[in-house]
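Architecture at a glance
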Amino acid sequence: MSAANNNDAYLDGELTLNYPIYDFGEKDLRVLAEEQRKKSDQIEPYLENGQVKVLQEIGQALKKYTELGMFSAGFSESLGGMGFPNTVANAAYTILAAANGSTIGYSLLTVANARLISNFGSVEQINEFALPQIQGKWFGTMCLSEPQAGSGLGDIKTKATFEEKDELGDRYRLKGNKMWISGGDQDISENIIHLVLAKAPNEDGILTAGTAGISLFIVPKFLRDGRKNDGTVAGLNHKLGNRGISNCLLNFGEGEGAQGWLVGELGHGLRQMFMMMNEARIGVGFGGVFIPLTIGMQFARIPIERAVVQSISIMIVYQSVDDVGSIVNVMPNNGIVLDDFRTGL
């Protein structure tokens, strides 16, 4: 799979590329799938002095992913992208997601985050927060659920208090907790842009009940002057699969409040967030289809006799509570393990 850094022009119906081409070949995919996937399952993200640490090979793979142009592939050239149709960009993404869903999960969230900002944000917000993500320098997240509010987003309690207006728009101070935030903190990008659902109090100082009161805010980990925003990792969640991507409990506003900029208008947050939610759903769906396909392709390469194949059964091996369903051993009736596959689900 290869792509160019930029598009030049169409001449006589053919695309002319005058820029370096980066290749992500079979060797890279094998490293991503066979070496890094197993390692990222074994060495999960961990918290050290308030900073989440992840497997550094993930950062190295995403750097090459950036050079390939994949962060920008589906964006218009006016935003520094390559203008690929979503079908083409998603097809390329899916190949890599099948190899290692954990690693590519960071890009899925980042691309969807930048797309939302580029659609609903101001020009200043696009330049400040979306373009660095499209370039693969900063990563993004979506912060919806809270410990007491999972799918019932109307019950969120994160509060956004207006502070002042600046060149990036209406600036608020956010206080609240967000749970199950994939990529919520890591040490492989220069900055992290959180898209946070919160409620601004009405004239009586009360948060509007239900989803009508939900607004959307851009909350960076680091501010323009290099200071860390008022956001803290309160803990890490450990999942059955996709262990290479951090999953965090985030506390915003343990101090004066995390600075965040309103996207669009108050009360429009949930309808805006649906753009990112739907893109994430499509990406996860692609992964759900292609990971079993990858397992089947690996299984088909096992050099065994047809007679033995007929007696093979697939078993789920329970190593521990955390490992349920994470390893599939292919075993013939004689009980000898032929191979094992990390499902990454």
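Residues numbered from 1 in each chain as written. Predicted model: local features only at pLDDT ≥ 70, side-chain atom pairs only at ≥ 80, totals over all residues. Heavy atoms only, no water.

The subject of this paragraph is unusual backbone geometry. Negative phi values dominate among residues other than glycine, just as trans dominates among peptide bonds. Here the phi dihedral of Asn-49 falls at roughly 55°; this positive angle occurs in a residue that is not glycine. Within the fold, Asn-49 resides in the loop between β5 (46-48) and β6 (51-53). Residue Asn-49 is classed as exposed on the basis of its relative accessible area of 81%. (Helix = DSSP H or I, 4+ residues; strand = E, 2+ residues; numbered from the N terminus. Buried < 20%, exposed > 50% of the residue type's maximum accessible area, 1.4 Å probe, protein only.)

Bringing the packing of aromatic side chains into the picture now. The geometry of an aromatic ring pair comes down to the distance between the two centres and the angle between the two planes. All chains considered together, the criterion is met by 6 aromatic pairs. Note on Phe-71 and Phe-139: the rings are 5.8 Å apart at their centroids and 20° apart in plane angle, and the pair reads as stacked. Here Phe-71 is found in the loop between α2 (56-68) and α3 (86-99), whereas its partner Phe-139 is found in strand β7 (residues 139-143), with 68 residues between them in sequence. Here Phe-71 falls in the buried class, since its relative accessible area comes to 1%. With centroids separated by 5.4 Å and ring planes inclined at 75°, the aromatic side chains of Phe-162 and Tyr-172 adopt a geometry described as edge-to-face. One end of the pair, Phe-162, is in strand β8 (residues 159-166); the other, Tyr-172, is in strand β9 (residues 169-182), with 10 residues separating them in the sequence. Judged by relative accessible area, which is 46%, Phe-162 ranks as partly exposed. (Phe/Tyr/Trp six-rings, centres within 6.5 Å; stacked < 30°, edge-to-face > 60°.)

Glancing now at the pairing of strand β13 (residues 247-252). Two faces, one strand: in a regular strand the side chains alternate between the faces of the sheet. For β13, a buried count of 6 out of 6 residues is recorded, marking the element as mostly surrounded by other parts of the structure. Of the two faces of β13, the one carrying Asn-247, Leu-249 and Asn-251 and the one carrying Cys-248, Leu-250 and Phe-252 are both buried. Of the strand pairs in this sheet, β9 and β13 are connected by 5 bridges, and their pairing is antiparallel. Bridge pairing in β13 places Ser-182 opposite Asn-247. Looking at chain direction, strand β12 (residues 231-236) and β13 are connected through 5 bridges and run antiparallel. (Pairing = 2+ DSSP bridges.)

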